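Residues per chain, in single letters:
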Amino acid sequence: REQVMGVFRSLIFLLSFQLLHVAKGSTVWLNKNGYEDLVVAINPQVPEDANIILNVMNMIKNASNNLFEMTKHRFFFKSVKIIIPKTWKKNINYSRLKTESYDKADVIIADPYIKHGDDPYTLQYGGCKEKGRYIHFTPNFLLNDKLANVYGEKGRVFVHEWAHYRWGVFDEYSSDMPFYVSRNSKAASVEATSCPAGVAGIPVFQDCSGDKCEPRSCRYDGQLYEKGCMFIPDIRQNIPCSVMYLQYILSVVEFCDKNTHNSEAPNMQNKMCNHKSTWEVIMESDDFRNSAVVNASAPPSETTFRLLQTQDRAVALVLDVSGSMSMHNRIRHLRSAAEAFLLHVIEIGSWVAIVTFDSDASEKAPLQQITDDAARQKLVQCLPIIASGKTNICAGIRKGLKLIADKMNTTYGSEIVLLTDGEDSGIATCLDLVKQSGAKIHTIALGPLAAKELEEFSTLTGGLKLYAVDGAVHNKLTMTLSAITSGSGDISEQSIQLESKELLVQHSGWMNTTVPVDKTVGNDTFFSVAWSLSQPFFFLRDPKGKEHGSSDFTIDNSNPNTARLSISGTAEVGDWQFCIKNLHTATQAISVTATSRPAYSDVPPVSIAAHMNRANRAFNPVVVYAEVSQGFLPVLGATVIATIEKDGAAAVTLELLDNGAGADTMKNDGIYSRYFTSLQGTGRYSLKVNAHGRNTTTRLSLKQNRALSILGYRENGKIYMNAPRPKFADKEIKVKLGSFSRISTSSLVVNTGGDSAPIYPPCKVTDLHARIENKTIVLSWTAPGGDLDNGKADHYIIKSSENLLDLRNHFDHATSVNSSNLIPKEAGREESFKIKLEYFIIKNDTVIYFAIRAVDDTNLISEVSNIAQTTWFVPPKASVPLEYDGNNEGADSIVIVAIVAVCVIVVCTIVSSTLCVLQKRKGRVDFETMQ
C-alpha cells in the first residue's frame, strides 16, 4: 500500500506541477501544437442569441489561423467548449457540463457595467510570464460588425488577448504616454510609443465642438506634444510586427522579437518584462519549450467545438464524523457552519444531499431541492451531532456520488463538499471514480492533521481547496464553508459575506462592531452572534436607530452557542451596529457574522475575490491578491486587510495595496496585493480578506490591458478619422458606492522544502521616476521593504548611465550616485531623492538614465529597478498643416481595405528607454449605475 501511495503521490505531484501556474483552474492544455479544452462561457444575464455562439466559433477559427501564422507555425486552437447558461432554452445539441464552469472559464462573454464599454481585455494579476485570469468580450463586440472598424478583425483581437492571457505579455502601446523623447538616432526626437520603433504615421489633435471634430497638427507642450495628441498610423505599413500594438493592421503577422523590439518605448511590456520583446517572453514559456514548428502552411486541423449547458446546482455535503471530530468542539462547529451554509448560502433552486462518514458512510438526507425556507430547515435537522469511529473518505465520496446519481441519473456537473479533519491511507482507491464522475470536489481541511493528500481531489476536478484552523467558536469554519457558492456566473442569488469577526472579550468587556449594508446588497440579510462559554448581553441597532435585542434572535436547542437574526425584505442601507457585553466570569471568544444577497438582479454588487499563490518569479514568494470590483469595473480606494493563519502559528495581518509597487503589478486596477513573507514552514495556510470602503474614498475605474482601438488612419497622405469614442473622462469614474464591507476566503498549501522560514531580499522597485526641477534631478519611487515589500530596507544603491541597456545589464559597472545620506522609509512610503545637475555634463539632446537597487540588513540585494529617464531636449517648430478627409466612411472601411505590402523585417536600433511611472489621468464620466 505504501508503494501504491508513493506512486500516486508522484503522479499527483507531476500533475500539480503542470497546473501550478495555470490561470484560476484553467483546463487548457497543449496537445503537441494545438490548444485543447479552451472554455468560453456566456454570462447568465446575456439574452439568448444564437449569433453569439456562431460568432464565437468564427472568431476562434480565424484566431487559430492567425495564431499559427503569428507564432511562426507553432500554435493553433484545436478544441473549444462553449458553456451556454441555464437561462437559455434547452437544445439537444447541448451536452451536460462536467467540471467546467463559468467562474473557471478562459474566456467570458458578459455585458459591461458601463455604456460603450466594449473594449476586449484580459484580467492579469501577476507580472511578466504569469498567466492571466480570463479574457472578457462583450456580446456587442461579437454581434456588432461595425466594431471591427474600431478594433480590427475579431480573430486578430483574440490573438492579442490570448498572448496576454496565456504567456503573460503586455501591451506595446501606452494610453498614458502615447509619445516619448527618443534617442534612437544622433539627435533626440519625439516618437510614438510603439513596437517596433519607426511606425509610419502622424501626430494628430482633434478639435471638437459638440459632435463635430476637426483634426489639426499637435502642438508641443514642453518636451512632448500637448495632452490629447494621438498617433494616427499609416494604413500601409512595411512592418510585420507587432501583435501587441497594431493587431488591426493586416500586414502585422508577427510579435516583436529581439531584433525588432523597441526597448526604449514607455509601455507596459518594457516595464513589466524588463525591456524584453514579447516573442522572447513567449519563447521562455512552457508552451514553446514543449512544442516544435509545424512544417505546414496552415494549422494541421480545424478547431472543433462542443456546446455545454449549465444545469441546476446539485451538491452533496460529505461530512467527517469520525472520533477526532469530537476534539476542539469540531462536530459542534461543523453543525453550526453547515447550518449557516444551508440556511443562508446555498442558492434557491439548488439540490442538496447530506452524507456523513466515519469507518463507513451514512445517508442523512437524499438529494432534494431547496425551494423555500422550510426545505432549508428540513435539511438542517439532518446535520450530525455525534462523532465516533475511524476515517474512510472514499466511502463518503462514493455515497455522495450515489445520492446524486440516484436523483439526477448522472454525476456530471455536480459538486461534492468534502470536509474532514483526519488522515486516510485509502484515498488512492477512489481516484479513478472521482476522475470518471465528472463531479467537482471542493475540499475543506479542518485542523492540522487532515489528510495531506486531500487537496488532490480538488486538483483533479477543479474544485476549491479550503482550510480552516481550529477555533473557540465556529466562525472560521462558517466563513470557509460559505465560500463555496455557485460557479454559474449568476450573482443575483449568490450569498455575499459582509462581516466575520472574532475577538477574545474579557469579563464585562464590550465588543462593538459596525456592519455597513450598502445599496448593492440587502436581500436575505442575516446576522449572527456566537460565543464559546456562555451567552453575552447583546443588541443590534439598525441605521434608523431601531434596536433588535437578544429576544429577537433565534437560538436553536441543537446549536445553543449561536444566536441568529434574519432581516425580512431588503435590509436598510447604512451602518448596523452590534453591541455585545461579555457577562461570563472569564474571558471568552465572541464572534459576529453577517451575510446578504444582491438587492437588484440587474445591478452587480460590490464583490471581493481573494487568492494566495506562489509567484513565478525569483524566490517563488507567496503573493496575496484581492480583486475588489463592481461588475467588471475595479473599485479603487478601499482598505483591504488580509489575515493569514496556520495551526500552531500566530495570525499574520497585512494591508494589501493597489499602488503598483512591490507585489502589486498595476496601480489602480482594483487588484490589491502584498507579499506574504512570514511563512512558518510547510503546511496549509488559510486566508481571510476584509475589504472596507467609506463614502468619500471609493470610486470605480476602467479596465487596463485592453486591445488598442482604431482612432483613424492615414492613406496616400490623407487622414481618415473614426468617430470620436465616448470619453470616460480620463479613466476615472465617480460613483457613490456608499460604505461597504466584504469578506473573502482562500487557502494555500506551501512546501518550503524544510521547516526553516525563507529569507527574502527587498523587492524590486517598479515605479522609479525622474524629473528635472530647478536645476535638480528629482528621483521618486515607492519604498520596498527589507523582506520584499514588508519592513524597510537598510540602504539604496543608485546608478546612472547614458545607455539604458548598459545600465540594465551591467548595473554594478555604471556610474554611482552618492546616496549615503538617504535613509530608507517603511515599505509602501513615497521616497524622494535630489541630485544636483553639476555632477553631469549637460547639453541639448542629453539623456541620462537612472536605476536603483535596495539592500537589506543582511546584504541581500533587490533586482535592478525599472529604468527612469531625464532628457534635455528642445523640440522643433510646429509641423505642416494636415490634409484631412472629413468623410468618416473611409475609416469605417479600414478592415476591408486590401493591403498589398511587402512584409520586411525592420531592424530597430536598440537604445535607451524611458520607464516613467504610468500616471493615471483624472476625470469623471456620468453613466447610469443604479435604478
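Residues numbered from 1 in each chain as written. Predicted model: local features only at pLDDT ≥ 70, side-chain atom pairs only at ≥ 80, totals over all residues. Heavy atoms only, no water.

J.: Explain the overall build of the protein to me, please; I cannot follow it from the model alone.
T.: Looking only at helices and strands, the protein has 16 helices and 52 strands in total. Out of the 931 residues in the protein, the part that is buried amounts to 60%. Of the contacts made within the protein by residues no fewer than 6 positions apart, 77% connect residues no fewer than 24 positions apart. (Helix = DSSP H or I, 4+ residues; strand = E, 2+ residues; numbered from the N terminus. Buried < 20%, exposed > 50% of the residue type's maximum accessible area, 1.4 Å probe, protein only. Contact = heavy atoms within 4.5 Å.)

J.: Help me understand the sheet that holds strand S32 (residues 588-598) in this model?
T.: Here we have five strands laid out as an open sheet, ordered S24-S32-S26-S30-S29, and antiparallel in their pairing. Because the sheet does not close on itself, it has two edges, and the strands there are strand S24 (496-505) and strand S29 (554-556). Neighbour to neighbour, the strand axes of the sheet diverge by 20° on average, direction disregarded. Of the pairings in the sheet, the one linking strand S26 (residues 521-531) to S32 comprises eight bridges and is antiparallel in character. Bridge pairing links Ala-530 to Ser-591 in S32. Here helix H9 (residues 330-345) sits on the sheet in contact with S26, S29, strand S30 (559-566) and S32, set at roughly 15° to S30. (Pairing = 2+ DSSP bridges. Axes fitted to C-alpha atoms, helices over the stretch in contact; angles between N-to-C directions.)

J.: Would you mind going over the state of the cysteines with me for this structure?
T.: Simply put, disulfide is the name for a covalent bond between the sulfur atoms of two cysteines. Applying the stated criterion across every chain, the model contains five disulfides. A disulfide bridge connects Cys-195 with Cys-256, and the sulfur atoms are separated by 2.3 Å. Measuring the twist about the S-S bond at about -130°, one finds the Cys-195-Cys-256 disulfide to be left-handed. Highlighted residues: Cys-195 in the loop between strand S11 (189-192) and strand S12 (201-209) and Cys-256 in the loop between strand S16 (230-233) and helix H6 (268-272), separated in sequence by 61 residues. (Disulfide = S-S within 2.5 Å.)

J.: How should I be thinking about the sheet that holds strand S48 (residues 815-817) in this particular structure?
T.: Pairing between the strands of a sheet comes from backbone hydrogen bonds, and it takes one of two forms, parallel or antiparallel. Judged by pairing direction, the sheet is antiparallel, and its four strands sit side by side in the order S48-S47-S50-S51 without closing on themselves. Edge positions in the sheet fall to S48 and strand S51 (868-872), since each of these pairs with one other strand and no more. Taking each pair of neighbouring strands and ignoring which way they run, the sheet shows an average axis angle of 30°. For strand S47 (residues 795-801) and S48, the ladder comprises three bridges, and the chain directions are antiparallel. By the bridge assignment for S48, Lys-799 is matched with Ser-816.

J.: Please explain the environment of Thr-443 as it appears in this structure.
T.: Residue position: Thr-443 is located in strand S22 (residues 440-446). Residue classification places Thr-443 among the buried positions, given a relative accessible area of 0%. Sequence-wise, Thr-443 and Leu-466 are 23 residues apart; in three dimensions their C-alpha atoms are separated by 5.9 Å. Thr-443 has contacts with Leu-418, Leu-454, Glu-455, Phe-457, Ser-458, Leu-464, Lys-465 and Leu-466, leaving out every residue within four places of it along the chain.

J.: How should I be thinking about the nonpolar core in this particular structure?
T.: Most often, soluble globular proteins keep nonpolar side chains buried together rather than apart. Formed by 80 residues in total, the largest nonpolar core has its most connected members in Ile-60, Ile-82, Phe-158, Trp-162, Trp-167 and Phe-255. If one sorts the elements of this core by residue count, helix H2 (residues 50-70) sits on top with nine residues. Apart from the residues within four sequence positions on either side, Phe-255 is in contact with Met-70, Thr-71, Val-159, Ala-163, Trp-167, Cys-241, Val-243, Met-244, Thr-278, Trp-279 and Ile-282. Listed in part, the 50 residues of the second largest apolar core include Ala-41, Tyr-102, Ile-108 and Val-624. (Core = buried A, V, L, I, M, F, W, Y, C linked by side-chain atoms within 4.5 Å.)

J.: What exactly am I supposed to notice about the packing of H2 against helix H5 (residues 154-167) here?
T.: The description of two helices packed together rests on the angle between their axes and the distance between the axes. Orientation of H2 relative to H5, taken along the N-to-C sense of each, is 65°, at an axis distance of 8 Å. Regarding the angle of H2 to H5, the classification is roughly perpendicular. In the packing of H2 onto H5, the handedness of the crossing is right-handed. Of the residues in H5, those in contact with Met-59, Ile-60, Asn-62, Ala-63, Asn-66, Leu-67 and Met-70 of H2 are Lys-154, Gly-155, Arg-156, Phe-158, Val-159, Trp-162 and Trp-167. Grouping the constituent residues of the contact of H2 with H5 by class yields nine nonpolar, three polar and two charged. (Parallel < 35°, antiparallel > 145°, perpendicular 65-115°, else oblique. Left-handed = near helix turned anticlockwise from the far one by under 90°. Nonpolar A, V, L, I, M, F, W, Y, C, P; charged D, E, K, R; others polar.)

J.: Quick question: what am I supposed to make of unusual backbone geometry here?
T.: Both trends apply: most residues other than glycine have a negative phi, and most peptide bonds are in trans. The omega torsion across Cys-195 and Pro-196 is 0°, close enough to zero to call that bond cis. Position of Pro-196 relative to the elements: it lies in the loop between S11 and S12. At Asn-274, a residue that is not glycine, the phi angle is positive and equals roughly 55°. Relative to the helices and strands, Asn-274 resides in the loop between H6 and helix H7 (278-283).

J.: Explanation requested: the packing of aromatic side chains in the structure shown.
T.: When we look at a pair of aromatic rings, we describe it by the centre distance and by the angle of the planes. Scanning the entire structure with this criterion turns up 30 aromatic pairs. Aromatic side chains Trp-510 and Phe-537 sit 6.2 Å apart centroid to centroid with 90° between the ring planes, which places their arrangement in the edge-to-face category. Of this pair, Trp-510 sits in strand S25 (residues 510-517) while Phe-537 sits in strand S27 (residues 537-541), and the two are 27 residues apart along the sequence. On the basis of relative accessibility, which here comes to 46%, the residue Trp-510 falls in the partly exposed class. (Phe/Tyr/Trp six-rings, centres within 6.5 Å; stacked < 30°, edge-to-face > 60°.)

J.: Could you clarify how one ought to interpret a nonpolar patch on the surface in this entry?
T.: Nonpolar side chains collect at one region of the surface, where Trp-510, Phe-537 and Leu-583 lie side by side and expose about 320 Å² of accessible area between them. Of the residues examined, Phe-537 reaches a relative accessible area of 38% and is grouped as partly exposed. (Patch = residues over 30% accessible without salt bridge, like charges linked within 9 Å, V, L, I, M, F, W, Y side chains within 5 Å. Areas by Shrake-Rupley, 256 points an atom, 1.4 Å probe, with all protein chains shown as cover. Salt bridge = Lys/Arg side-chain N within 4 Å of Asp/Glu carboxyl O.)

J.: What is the right way to read the packing of H9 against helix H10 (residues 373-380) from this model?
T.: As a packed pair, H9 and H10 sit with axes 9 Å apart at the nearest point and diverge in direction by 160°. Accordingly, the angle class assigned to the pair H9 and H10 is roughly antiparallel. Considering the relative orientation of H9 and H10, their crossing is right-handed. In this structure, H9 contributes Arg-335, Glu-339, Leu-342, Leu-343 and His-344 to the contact, and H10 contributes Arg-376, Gln-377, Leu-379 and Val-380.

J.: What should I look at first to understand the environment of Leu-503 in this one?
T.: Within the element layout of this structure, Leu-503 appears in strand S24. Leu-503 sits 28 residues away from Trp-531 along the chain, and the two C-alpha atoms are 9.8 Å apart. Beyond its immediate chain neighbours, meaning those up to four positions away, Leu-503 contacts Met-511, Gln-588, Ala-589 and Ile-590.

J.: When you look at H10 in this model, what are you seeing that I'm missing?
T.: Among the residues of H10, those classed as buried are Ala-375, Arg-376, Leu-379 and Val-380. One side of H10 holds all its buried residues, which, seen down the axis, span an arc of 145°. Away from the buried face of H10 by more than 90 degrees, exposed residues Ala-374 and Lys-378 are located. Its buried side turned inward, H10 meets H9, strand S19 (351-357), strand S20 (361-369) and S32. The residue sitting at the N-terminus of H10 and contributing the capping side-chain oxygen is Asp-372; that oxygen lies 3.2 Å from the backbone nitrogen of Ala-374. (Arc of directions from axis to C-beta. Polar contact = N/O pair within 3.5 Å; in protein donor to acceptor, adjacent residues only side chain to side chain.)

J.: What is the right way to read the pattern of salt bridges from this model?
T.: Within this structure, the stated rule accounts for 30 salt bridges. A salt bridge links Glu-645 to Lys-476, with the shortest nitrogen-to-oxygen separation between them at 3.0 Å. Remark: Lys-476 occurs in helix H14 (residues 475-481) and Glu-645 occurs in strand S36 (residues 639-645); sequence separation between them is 169 residues. Of the two residues, Glu-645 and Lys-476, neither departs from the other in class, the shared state being buried. Connected through salt bridges with shared partners, the residues Asp-37, Lys-81 and Glu-100 form a single ionic network.

J.: How should I be thinking about the pairing of strand S31 (residues 574-581) in this particular structure?
T.: Every regular strand shows the same layout, with side chains that alternate between the two sheet faces. Strand direction decides the pairing type here: S25 and S31, joined by eight bridges, are antiparallel. Looking at S31, one finds that Asn-512 is bridged to Cys-579.

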